[in-house]
Amino acid sequence: MERIAVESRLILLALTGSHAYGTSRPESDFDYKGVFIAPKDYYLGFKTFEQKDTGWDTEPGTGLYPMLDGVKDCTVYELRKFLSLVFNNNPNILETLWMDREFYAHISPVGEKLLSYRSAFLSQKVRGSFAGYAYAQIKRVETHRKWLLHPPERKPVPQDFGLDDDNYKPLTKAEMNAFLEFLYMLVRDCIEFLEPAQQLRDLLLEKIDYKAILKQHPLAEEVLPRVKEYTRATNDFIHLLHVSQGYRQALNEWDAYCKWKLGRNPERKALEKKCGYDAKHMSHCIRLLRMGIEILRDGVLNVSRKKAGDAGFLLAIRNGDVAYQEVKEMADSLFEEIKSVASSLPEQVDQEFLNQVCVELVEMEGWERGAMSGC
């Protein structure tokens with residue numbers, strides 16, 4: 001969908017990221033997030049559209065939002081996609097609803113109505129979503145630190161894993177994926193007929209991505225006999241699968257290392273050399289964990305870290321002025337706290353309530369303004 005069509009039905013637009021957190025630096029980018037309601041034919045017809053995250057710097061707009069001219073980091077979500085992310089308590093989505101007023105570039109009456117529900121959108125899913133996002137940040141920190149202290153010396157070759165290109169070739173990605181798909185279906189079939197309680201069944205069959213787990217992580221050596229038993233594969237094939245997965249994982253890590261090494265800007269490279277860790281990711285990790293704990297404990301999302309009182313400390317981490325051991329111990333402590341902090345929030349947001357909110361906001365917006373334009 002073209003920029004002008006999205007802007008014509010925009011109900012909310014916010015300046016997010018470090019500016020809203022109160023931790024921006026002179027070189028910080030301007031990141032925007034927003035919500036719009038799609039035209040009538042996207043609700044009543046076959047067309048679908050979830051979000052616009054490109055074209056802001058190349059397409060003409062309505063002229064109502066000049067701050068978006070030339071901006072590359074802007075994502076505007078269609079209302080239904082936005083509310084689906086609200087249900088999962090996505091950190092980047094929830095904070096869009098809890099900004100200080102000065103950081104909203106636009107709020108329509110429909111947008112005001114959306115904001116009025118923000119407290120009702122919070123649930124204990126925050127425990128997993130904020131901790132999950134923080135964990136992704138710290139995994140990057142640990143990976144980059146490993147590369148800083150012990151960079152790989154060379155590209156891995158099959159011979160490092162007892163493989164030989166001439167006589168004992170590693171399995172290709174397609175061959176491995178075909179076998180793992182077969183294993184995944186066997187595991188799924190076993191779970192399907194266990195007849196557990198519905199909630200457990202939904203967890204095992206719908207909420208755990210076994211396929212991704214199987215394809216992204218080499219099978220542990222202790223489970224190989226059971227895999228052989230399930231699939232009736234030969235010992236030679238199971239061994240070949242195991243070492244091939246190890247080789248492919250090492251190759252992927254080498255590629256990621258090379259990409260990281262080439263992609264770092266000089267300033268970030270100097271900062272990592274100074275403090276020994278990726279300060280930007282670590283700052284985000286601490287912020288996410290503290291926000292999550294505050295939501296669970298107090299039922300509010302404190303976007304402004306100046307008001308929360310830790311903007312200065314987060315900036316100190318971001319500037320590489322806090323020792324790695326100190327900030328790592330703090331992160332470990334916060335991970336434990338977010339798992340155990342007591343909360344009166346509901347387990348999850350009621351989906352029927354979200355559905356009613358969606359209907360209400362769409363009816364408030366109507367179809368006249370911008371209908372059918374730019375589709």
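Quick caveat: nothing in here was measured; it's all calculated off a predicted structure. (Residues numbered from 1 in each chain as written. Predicted model: local features only at pLDDT ≥ 70, side-chain atom pairs only at ≥ 80, totals over all residues. Heavy atoms only, no water.)

Novice: I tried to follow the packing of helix α6 (residues 109-116) against helix α18 (residues 351-365) on my own but got confused; where do I start?
Specialist: Two numbers describe a pair of packed helices, the interaxial angle and the distance between the axes. At a minimum axis distance of 9 Å, the contact between α6 and α18 shows a crossing angle of 165°. In terms of axis orientation, α6 runs roughly antiparallel to α18. Considering how the two elements wind past one another, α6 and α18 form a crossing that is right-handed. For the pair formed by α6 and α18, the contact residues are Pro-109, Val-110, Lys-113 and Leu-114 on the first element and Glu-360, Leu-361, Met-364 and Glu-365 on the second. Of the residues that constitute the contact of α6 with α18, the class distribution is 5 nonpolar, no polar and 3 charged. (Axes fitted to C-alpha atoms, helices over the stretch in contact; angles between N-to-C directions. Helix = DSSP H or I, 4+ residues; strand = E, 2+ residues; numbered from the N terminus. Parallel < 35°, antiparallel > 145°, perpendicular 65-115°, else oblique. Left-handed = near helix turned anticlockwise from the far one by under 90°. Contact = heavy atoms within 4.5 Å. Nonpolar A, V, L, I, M, F, W, Y, C, P; charged D, E, K, R; others polar.)

Novice: Even after reading the chapter, I still don't get the nonpolar core, so can you show me in this structure?
Specialist: The nonpolar side chains of a soluble globular protein tend to be buried with one another. Leu-79, Phe-82, Leu-83, Leu-114, Phe-121, Phe-130 and Tyr-277 are the most contacted members of the largest nonpolar core, which totals 83 residues. It is helix α14 (residues 279-298) that contributes the most residues to this core, 10 residues altogether. In this structure, Phe-121 is in contact with Leu-83, Val-86, Asn-89, Leu-94, Leu-97, Leu-114, Val-349, Phe-353, Leu-354 and Val-357, ignoring residues within four places of it in sequence. Judged by nonpolar contacts, the second largest core, of 16 residues, contains Leu-163, Leu-180, Leu-224 and Ala-233. (Core = buried A, V, L, I, M, F, W, Y, C linked by side-chain atoms within 4.5 Å. Buried < 20%, exposed > 50% of the residue type's maximum accessible area, 1.4 Å probe, protein only.)

Novice: Before we go on, may I ask you to explain the environment of Gln-124 in this structure?
Specialist: Inspection of the secondary structure assignment puts Gln-124 in the loop between α6 and α7 (125-149). Residue classification places Gln-124 among the buried residues on the basis of a relative accessible area of 16%. Separated by 220 residues in sequence, Gln-124 and Ser-344 have C-alpha atoms that sit 8.4 Å apart.

Novice: Would you explain the sheet that holds strand β3 (residues 51-52) in this entry?
Specialist: Spatially, 5 strands are ordered β3-β4-β2-β1-β5 in an open sheet, and the strand pairing comes out mixed. What marks the edges here is a single partner per strand, and that holds for β3 and β5 (104-107). In this sheet, β5 lies alongside strand β1 (residues 10-16) in antiparallel orientation, the contact comprising 3 bridges. In the strand pairing of β5, Leu-12 is matched with Ile-107. (Pairing = 2+ DSSP bridges.)

Novice: Teacher, can you tell me more about the confidence of the model for the protein chain here?
Specialist: Detailed conclusions should not be drawn from predicted coordinates in areas where pLDDT is low. When the pLDDT values of the protein chain are averaged, the result is 88; 89% of them are 70 or greater. Here helix α9 (residues 198-207) is the element of the protein chain with the lowest mean pLDDT, 56, and α6 is the one with the highest, 98. The model gives residues 370-375 a pLDDT under 50, and that stretch makes 16 contacts with residues more than four places away or in other chains. (pLDDT = per-residue confidence, 0-100.)

Novice: Before we go on, may I ask you to explain the environment of Leu-115 in this structure?
Specialist: Checked against the element boundaries, Leu-115 lands in helix α6. A residue is classified by how much of its surface remains accessible, and Leu-115, at 9% relative accessible area, is buried. In this structure Leu-115 touches Leu-12, Leu-97, Arg-101, Tyr-104 and Ile-107, once residues within four positions along its chain are discounted.

Novice: Help me out: how do you make sense of the side chain of His-281 in this one?
Specialist: Within the secondary structure layout, His-281 lies in helix α14. If sequence neighbours within four positions are ignored, His-281 has contacts with Gln-137, Arg-140, Val-141, His-144 and Arg-268.

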